[in-house]
Amino acid sequence: MNIDHIEAFLYVVHYKSTHKAASALFLSQPTVTARIKSLERELGVELFYREGRSVTLSDKGKDFLPFATQIVQTFQQGKKQLEKTQETDDVCIGANGVTAQYFLAYALPKWKEQFPNLRFQLVTGSTATLLEKLESHQIHVAFIQYVHREGIFNELLLDNAVKLVKHCEHPLPQYECIEAKELAQQKLVFFECGAFDWNYVHKMFDIKGVAANIEVRTDHLEVAKAFIRTKNYISFLPQLCVKNELESGEFIEVDIKHLLDMNQHIFLTYKNKDALTSAFWETICHTAKDFERVQMVE
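A short tour of the structure in this document, coming up. (Residues numbered from 1 in each chain as written. Predicted model: local features only at pLDDT ≥ 70, side-chain atom pairs only at ≥ 80, totals over all residues. Heavy atoms only, no water.)

Turning our eyes to something else, we now look at helix H3 (residues 29–43). Residues lying three or four places apart along an α-helix face the same way, a consequence of the helix completing one turn every 3.6 residues. Here H3 contains 15 residues, and its C-alpha end-to-end distance of 21 Å stays within 8% of the 21 Å for a straight helix at 1.5 Å per residue. All of the buried residues in H3 are Val32, Ile36, Leu39 and Glu40. An end-on view of H3 places all buried positions within 100° of arc, on one side of the element. Residues Pro30 and Arg41 are exposed on H3 and point more than 90 degrees away from its buried face. Glycine 44 sits one or two residues past H3 and shows a positive phi near 75°. (Helix = DSSP H or I, 4+ residues; strand = E, 2+ residues; numbered from the N terminus. Expected span 1.5 Å × (residues − 1). Buried < 20%, exposed > 50% of the residue type's maximum accessible area, 1.4 Å probe, protein only. Arc of directions from axis to C-beta.)

Quick look at the structure:
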């Protein structure tokens with residue numbers, strides 16, 4: 001039984017006219033008439049007495065009316081409930097700025113394709129801020145550094161080591177083992193972000209008794225990259241934000257592992273895994289693997 005046919009029946013009853021019912025339904029009169037006749041054939045009764053253009057409910061139509069009303073009302077209530085359920089399928093995600101800008105911008109459209117009823121709310125902040133929001137249930141999951149806290153779980157997701165990079169046309173020679181004193185002579189644009197412990201960088205120079213030539217400090221990754229593109233500056237930057245440039249050859253990594261190895265990782269951090277479906281958790285992990293694979297190919 002077609003719900004549209006029952007709805008047409010109710011409109012004709014209400015307006016006492018197929019013409020007025022058709023106008024209210026934004027349909028043609030023949031379409032409404034055809035729906036009524038189809039419903040009558042299915043029920044095996046005449047629902048209306050027809051005299052010229054006027055229509056009057058038959059006795060069988062009167063018997064069917066309360067059931068038709070209940071069917072349509074139940075359908076509409078079910079539809080509203082589904083819409084209400086879909087509206088509450090919000091996923092609140094916390095991430096540091098680097099992860100939000102370079103990974104989530106790639107991942108969220110893919111998650112939306114697989115889970116069209118999900119709506120995503122993204123909150124950026126420091127690890128401490130996002131941990132507080134996670135514990136107070138303001139967010140479902142966070143993409144942050146590893147945190148050791150009772151009741152908080154971490155799953156390794158992405159490699160985000162800090163690399164020293166320069167433009168491919170920067171005059172710094174490709175030393176096999178560059179020394180801190182050579183680096184100290186280079187102009188450095190320093191990206192300052194709370195997600196990383198930059199004290200290690202300062203200590204690297206302090207141990208060798210030299211001071212880094214920091215000419216520019218910025219809290220914006222793209223600004224730091226813009227300075228590198230002038231071919232006058234080098235910079236320590238998270239791997240996530242320079243993968244494309246390194247793969248294309250525009251930027252070159254300066255190997256300083258003998259001086260400093262800043263291993264950084266992004267973890268999938270949560271308090272209650274049951275807050276989201278297992279399928280969505282699996283999708284997050286698959287997307288991270290695809291992201292790293294795509295970045296390597298590019």
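On to the packing of aromatic side chains, then. Counted according to the given criterion, the structure contains 16 aromatic pairs. Ring centres 5.3 Å apart and planes at 75° place the aromatic pair phenylalanine 103 and phenylalanine 291 in the edge-to-face group. Here phenylalanine 103 is found in helix H5 (residues 97–114), whereas its partner phenylalanine 291 is found in helix H11 (residues 278–297), with 188 residues between them in sequence. Each member of the pair, phenylalanine 103 as well as phenylalanine 291, is classed as buried. A ring pair is formed by tryptophan 111 and phenylalanine 280, whose centres lie 5.5 Å apart and whose planes are at 75°; its orientation type is edge-to-face. Taken together, the positions of tryptophan 111 in helix H5 and phenylalanine 280 in helix H11 put the pair 169 residues apart, joining distant regions of the chain. A single burial state applies to tryptophan 111 and to phenylalanine 280, both of which are buried. Pairwise contacts between aromatic rings join Phe103, Tyr106, Trp111, Phe115, Phe120, Phe143, Phe280 and Phe291 into one cluster. (Phe/Tyr/Trp six-rings, centres within 6.5 Å; stacked < 30°, edge-to-face > 60°.)

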